[in-house]
Amino acid sequence: MIVLGIETSCDDTAAAVLDGPRLLSSIVSSQDAVHGPYGGIVPELASRHHLVNVLAVLHAALEQAGIGIDAVEGIAVTRGPGLIGSLLVGLSTAKGIAFRRGIPMVGVNHLEGHLLAIFLEREIEFPYVALLVSGGHTSLHLAEGPGRYRRLGATRDDAAGEAFDKAAKMLGLGFPGGRVIDRLARDGDRTAIRFPRAVVRGAKYDFSFSGLKTALREFLRREHGFAAGAQAPSLSASALGDIAASFQEAVVDMLAVPALAAADELGVPRIVVSGGVSANSRLRGRLHDDARRLGMAAYVPSPKLCTDNAAMIAYAGARRLANRERDPLTLNAVASLPL
Ligand code: KG4
Ligand code: ZN
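All residue numbers refer to positions counted from 1 along the written sequence of the respective chain. Whichever chain is written first becomes A and whichever ligand is written first becomes 1, with later ones labelled in order. Local features in this predicted model are restricted to residues whose pLDDT is 70 or higher, and side-chain atom pairs enter the listing and the counts only when it is 80 or higher, whereas totals over whole chains, interfaces and linings include all residues. Working from all heavy atoms in the structure, the side-chain values ignore hydrogens and water.

(A) Focus on the coordination of the zinc ion (ligand 2). Surrounding the zinc ion (ligand 2) are the protein donor atoms His110 (NE2), His114 (NE2) and Asp308 (OD), at 2.1 to 2.2 Å. Taken together, the four donor atoms coordinating the zinc ion (ligand 2) and their angles of 91 to 151° define a geometry best described as irregular. Counted as donors are the N, O and S atoms within 2.8 Å of the metal, or 3.2 Å for Na, K and Ca, while water is not among the atoms, so some sites may look incomplete. On the primary sequence, the residues serving as donors to the zinc ion (ligand 2) are separated as H-x3-H-x193-D. Taken together, the residues His110 in helix H4 (residues 110-116) and Asp308 in the loop between helix H10 (303-306) and helix H11 (311-322) connect sequence positions 198 residues apart. Asp308 carries the same exposure label as His110, and that label is buried. Donor angles set the geometry label: tetrahedral for four donors if every angle is between 85 and 135 degrees, square planar for four and octahedral for six if opposite donors exceed 155 degrees and the others are between 65 and 115, irregular for anything else. Put simply, DSSP H or I for four residues or longer makes a helix, DSSP E for two residues or longer makes a strand, and each gets a number counted from the N terminus. Only protein chains enter the area calculation, which uses a 1.4 Å probe; residues under 20% of their type maximum are buried, those over 50% are exposed, and those in between are partly exposed.

(B) Region of the structure containing the sheet that holds strand E8 (residues 148-154). Paired strands, as defined in this entry, are two strands with at least two bridges between them according to DSSP. If you walk across this open sheet you meet the five strands as E8-E7-E6-E9-E10, and the pairing is mixed. Edge strands, defined here as strands with exactly one partner in the open sheet, are E8 and strand E10 (297-299). Across the sheet, the axes of successive neighbouring strands diverge by a mean angle of 25°, strand direction being ignored. Relative to strand E7 (residues 138-145), strand E6 (residues 128-133) is paired through six bridges, and the arrangement is antiparallel. Opposite Leu131, over in E7, you have Leu140 as the bridge partner. Across the sheet, helix H8 (residues 237-266) is in contact with E6, E7, E8 and strand E9 (270-274); its angle to E6 comes to roughly 165°. Whether two residues are in contact is decided by their heavy atoms: any pair within 4.5 Å suffices. In this analysis an axis means a line fitted to C-alpha atoms, helices contributing only their contacting stretch, and an angle means the value between N-to-C directions, from 0 to 180 degrees. Lying over the sheet, helix H9 (residues 281-293) contacts E6, E9 and E10, oriented at roughly 155° with respect to E10.

(C) H8, seen in detail. Here the expected span of a helix is defined as 1.5 Å times the quantity of residues minus one. Between its first and last C-alpha atoms H8 spans 43 Å; for 30 residues at 1.5 Å apiece the expected length is 44 Å, and the two agree. Judged by how many residues are buried, H8 sits mostly within the fold: 22 of 30 residues are covered. Just past H8, the residue Gly267 takes up positive phi, approximately 65°.

(D) Geometry of the site of ligand 1. Of all residues adjacent to ligand 1, which total 19 residues, the nearest are Gly135, Asp165, Asp182, Gly276 and Asp308. Polar contact is the term for a pair of N or O atoms within 3.5 Å; when the atoms are in protein, one must be able to donate a hydrogen and the other to accept it, and sequence-neighboring residues count only if both atoms are side-chain atoms. Taking Ser134, its side chain carries an N or O atom lying 3.5 Å from an oxygen atom of ligand 1. In this structure, an oxygen atom belonging to ligand 1 sits 3.2 Å away from a main-chain N or O atom of Gly136. Sorting the residues of the shell around ligand 1 by element identifies H4, helix H5 (160-170) and helix H6 (178-185) as the ones contributing at least two each. Polar here means any residue other than Ala, Val, Leu, Ile, Met, Phe, Trp, Tyr, Cys and Pro, which are nonpolar, and Asp, Glu, Lys and Arg, which are charged; Gly is therefore polar. Looking at the shell around ligand 1 residue by residue, the class counts come to four nonpolar, 11 polar and four charged. When at least one non-hydrogen atom of a residue lies within 4 Å of a molecule or strand, that residue is treated as near it.

(E) The arrangement of the nonpolar core in detail. Within this scheme, the nonpolar core is defined by two criteria: the residues are buried Ala, Val, Leu, Ile, Met, Phe, Trp, Tyr or Cys, and they are joined through side-chain atoms within 4.5 Å. Counting residues in hydrophobic clusters, the biggest one holds 54 residues, and the most contacted among them are Leu131, Leu140, Phe195, Leu220, Phe247 and Leu255. Counting only elements with at least two residues in this core, the list comes to E6, E7, H5, H6, helix H7 (210-224), H8, E9 and H9. The element best represented in this core is H8, accounting for 16 residues. If we ignore the near neighbours within four places in the chain, the residues touching Leu255 are Leu131, Val133, Thr138, Ala160, Phe207, Phe209 and Leu283. If you look at the next biggest cluster of nonpolar residues, it comprises 32 residues, including Leu116, Ala143, Tyr149 and Ala310.

This is the structure:
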């Protein structure tokens with residue numbers, strides 16, 4: 001079955017074509033340049049740019065797949081969670097095509113897309129512990145089977161990607177900043193500054209990153225005369241590298257330790273990581289090494305499947321379309337759709 005996937009939950013406009021197990025195309029149009037000057041995503045601008053870009057992205061995905069719209073047999077579209085205005089652009093587009101062409105459409109949970117993205121590259125066995133780390137989400141799940149996910153914990157405040165982005169903003173590195181911190185950290189000493197690692201008492205699989213953010217701000221004020229609200233401090237390359245590496249190490253510790261503990265405690269020897277932050281080289285390295293030491297395996301999709309994309313949405317929807325499931329064209333988007 002040829003499935004068209006559409007994803008517009010946040011700030012990336014994405015479309016992909018999946019033919020059975022074969023990914024024929026995947027196009028992602030980033031809005032980083034639109035939101036960069038604001039240091040964060042502006043929801044109203046995001047939906048407006050989805051509207052401008054969505055048809056061009058769809059056409060590009062069909063062209064890369066070498067098919068026309070008439071060859072598409074089903075549509076999978078993200079219906080939540082995400083920014084409501086953004087979600088509605090993708091969902092309305094999907095409905096229009098499904099209605100005009102008389103083909104089935106299914107709404108997909110964005111988080112399920114991330115959890116299943118690994119299957120586009122390899123088969124793995126259920127159950128597995130899934131660590132989902134992006135700019136908007138940070139949570140830990142037990143994936144028991146397709147469509148069967150148990151939430152083990154989640155962040156109490158910021159998402160891990162948000163922590164990276166806010167740190168980058170404080171350091172004057174632009175938005176989004178995760179990738180820049182990752183790159184700077186390679187030349188830094190990760191033991192240079194001992195940032196705190198938060199543990200949520202009584203909820204060992206929950207996360208908290210807001211204290212780390214405050215610790216970084218305090219460190220910059222104390223050591224580098226940084227004043228809140230002012231321009232980012234000018235730092236030497238070596239100081240910046242040490243701060244990036246030490247900050248990153250704290251985030252990686254706070255993610256890797258509970259994920260490995262959950263896998264160990266549940267007796268599940270497989271961990272799958274996904275979401276934009278799983279592109280982080282230190283997180284990937286640490287999970288692979290630590291998992292191997294504990295007799296487990298860690299799986300991380302390649303970076304283009306970690307960040308937001310429509311291939312994972314097409315994949316999650318294709319399973320349901322193949323079971324002859326479909327959603328009505330009255331389907332609505334849900335900003336806080338649980339998994
Ligand atoms: O999954 P994603 O593309 O979008 C959301 O659904 O949020 O994730 C984007 C997030 C951003 O916060 C970005 O800074 C972070 O992923 N990110 C990284 C890296 N690449 C992207 N964080 C740390 N290290 C990276 N290499
Ligand atoms: Zn995402």
